Amino acid sequence: MHNQSVGFTLITGANSGIGLELARQAAADGRNLILVARNERTLDAAAEELKKSITVHTIVEDLSQPGAAQRVFDRVQILGAEVEYLINNAGLGDYGPFSKSDLAKQEVIIGVNITALTALTRLFLTAMLERGRGHILNVASVAGFMPGPLMSVYFASKHYVLAFSEALMEELRGTGVKVTVLCPPAVRTSFGDAARIASINYMSTTTTTPTEVARYGYQMMKRGKPVAVYGLGYKFLTSFLVRITPRFALRGLVHHLNAKGSQ
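As a starting point, this report considers the structure included with it.

## Details of the overall build of the protein
Alright, step 1. Counting its regular elements, the protein contains ten helices and seven strands.
Alright, step 2. Taken over 263 residues, the protein has a buried fraction of 50%.
Alright, step 3. Nonlocal contacts in the protein, meaning residues at least 24 apart in sequence, comprise 68% of its contacts between residues at least 6 apart.
Alright, step 4. When the accessible surface of the protein is split by element, carbon and sulfur atoms take 56% of a total near 12,500 Å².

Set out below in structure tokens:
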């Protein structure tokens, strides 16, 4: 039997990309895991790989569905697991002009990126506050600092994650519960394919890997760093360039970058 007294790390979207890499980081750190994802096959494969040294529970749940977060929380209560680290990583995007977008797809994006993240944070926060310790890592994006023409709802959802996380940090000061918001640039994952992004677009040609982002994010969460922007260039972009660039120019620039390679 593995050590059950070690607190659990719950990770959403843990079956691929940054989520799977975060699970690997946590496992290497000796953390027991609760992995949440929609795809049972890939989730089981991830659990199989990681359960050699730690306890791994899996919860198959589509976080875009109403009541999904509550179902995940209820399942964790049944397991009797104490969630010390909550990692809200699940997220998805879409690509193209909003006027032509599929509304159901936009509602799914909001459901996962905003609604589920908010609900899971609320549900697991109570016990963390009672214990006087805990870490919440919300995965936002560099997109959270700027408008995103052609990916309007996705970029806006990341603004929400950033603003929500920053407000929580302030509210939770002195409680022992730390909130970190991880803001990676575009990363080489299946996200781009799911969002139908052209292969010559910067989001497809990025060299940033999920492994390096996850390693950084996990370390920053443990350190309790509030806003963790990955990459020196992106730190400069988000802390300085975005602030001195007029908003109309920023809109035009991001529109140009997002449009690259689109028909």
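## Quick look at unusual backbone geometry
Alright, step 1. Positive phi, normally seen in glycine, also occurs at L150, with a value near 80°.
Alright, step 2. Turning to its location among the elements, L150 is positioned in the loop between β5 (134-139) and α5 (152-171).

## Some words on the packing of aromatic side chains
Within a pair of aromatic rings, the relevant descriptors are the distance that separates the centres and the angle that separates the planes.
Alright, step 1. In total, this model carries five aromatic pairs according to the counting rule given.
Alright, step 2. Pairing Y216 with Y230 gives two aromatic rings, centres 5.3 Å apart and planes at 65°, and the pair type is edge-to-face. Of this pair, Y216 sits in helix α8 (residues 210-223) while Y230 sits in the loop between β7 (227-229) and α9 (232-244); the two residues are 14 residues apart in sequence, bridging distant segments of the chain. Like Y216, the residue Y230 is buried in the burial classification.
Alright, step 3. Cation over ring: R31 sits above Y85, and NZ or CZ is 4.0 Å from the ring centre.

## What about a nonpolar patch on the surface?
Alright, step 1. On the surface, F240, L241 and I244 cluster together into a nonpolar patch covering about 260 Å² of accessible area.
Alright, step 2. Note that L241 resides in helix α9.

## Let's talk about the nonpolar core
Alright, step 1. L10, I34, L63, V76, V83, F124 and M146 are the most contacted members of the largest nonpolar core, which has 51 residues in total.
Alright, step 2. Of all the secondary structure elements, the ones that give two or more residues to this core are β1 (8-12), β2 (32-37), α3 (68-79), β4 (83-88), α4 (103-131), α5, β6 (177-183) and α10 (247-259).
Alright, step 3. In this view, L10 contacts I34, V36, V72, V76, V83, Y85, L86, I87 and F124; residues no more than four positions away in its chain are not counted.
Alright, step 4. L35, L50, V56 and Y85 belong to the second-largest nonpolar core, a separate cluster that totals 31 residues.

## Some thoughts on the pairing of strand β3 (residues 56-60)
Alright, step 1. Across five bridges, the pairing between β2 and β3 is parallel. In the strand pairing of β3, A37 is matched with V60.

## Considerations on the packing of helix α1 (residues 17-28) against α8
Alright, step 1. The geometry of α1 relative to α8 is characterised by a closest axis approach of 8 Å and an angle of 50° between their N-to-C directions. Put simply, α1 runs oblique to α8. As for how α1 packs across α8, the hand of that crossing is right-handed. Along its contact with α1, which presents G17, I18, E21, L22, Q25 and A26, the element α8 presents P210, T211, V213, A214, R215 and Y218.

## So, the environment of G148
Alright, step 1. With respect to the helices and strands, G148 occurs in the loop between β5 and α5.
Alright, step 2. Given a relative accessible area of 8%, G148 falls into the buried group.
Alright, step 3. Spatially, the C-alpha atoms of G148 and R251 are 7.1 Å apart, while their sequence positions differ by 103 residues.
Alright, step 4. Once residues within four sequence positions are removed from consideration, G148 is found in contact with F155, V254 and N258.

## Brief notes about helix α2 (residues 40-50)
Alright, step 1. All of the buried residues along α2 are L43, A46, A47 and L50. Along the axis of α2, the buried positions cluster into a sector of 100°, meaning they face one direction only.
Alright, step 2. Buried-residue contacts for α2 involve α1, β2 and β3.
Alright, step 3. Where α2 starts, the residue carrying a side-chain oxygen 3.0 Å from the main-chain nitrogen of R41 turns out to be N39.

## What to know about the pattern of salt bridges
Alright, step 1. As enumerated under the stated definition, the model contains eleven salt bridges in all.
Alright, step 2. As a salt-bridge pair, E61 and R71 come within 3.1 Å of each other at their nearest N and O atoms. Taken as a pair, E61 in the loop between β3 and α3 and R71 in helix α3 lie far apart in primary sequence, ten residues in all.
Alright, step 3. With relative accessibility at 38%, the residue R71 sits in the partly exposed group.

Cut-offs used in this document
- Residues numbered from 1 in each chain as written.
- Predicted model: local features only at pLDDT ≥ 70, side-chain atom pairs only at ≥ 80, totals over all residues.
- Heavy atoms only, no water.
- Helix = DSSP H or I, 4+ residues; strand = E, 2+ residues; numbered from the N terminus.
- Buried < 20%, exposed > 50% of the residue type's maximum accessible area, 1.4 Å probe, protein only.
- Contact = heavy atoms within 4.5 Å.
- Areas by Shrake-Rupley, 256 points an atom, 1.4 Å probe, with all protein chains shown as cover.
- Phe/Tyr/Trp six-rings, centres within 6.5 Å; stacked < 30°, edge-to-face > 60°.
- Lys NZ or Arg CZ within 6 Å of the ring centre and 35° of its normal.
- Patch = residues over 30% accessible without salt bridge, like charges linked within 9 Å, V, L, I, M, F, W, Y side chains within 5 Å.
- Salt bridge = Lys/Arg side-chain N within 4 Å of Asp/Glu carboxyl O.
- Core = buried A, V, L, I, M, F, W, Y, C linked by side-chain atoms within 4.5 Å.
- Pairing = 2+ DSSP bridges.
- Axes fitted to C-alpha atoms, helices over the stretch in contact; angles between N-to-C directions.
- Parallel < 35°, antiparallel > 145°, perpendicular 65-115°, else oblique.
- Left-handed = near helix turned anticlockwise from the far one by under 90°.
- Arc of directions from axis to C-beta.
- Polar contact = N/O pair within 3.5 Å; in protein donor to acceptor, adjacent residues only side chain to side chain.

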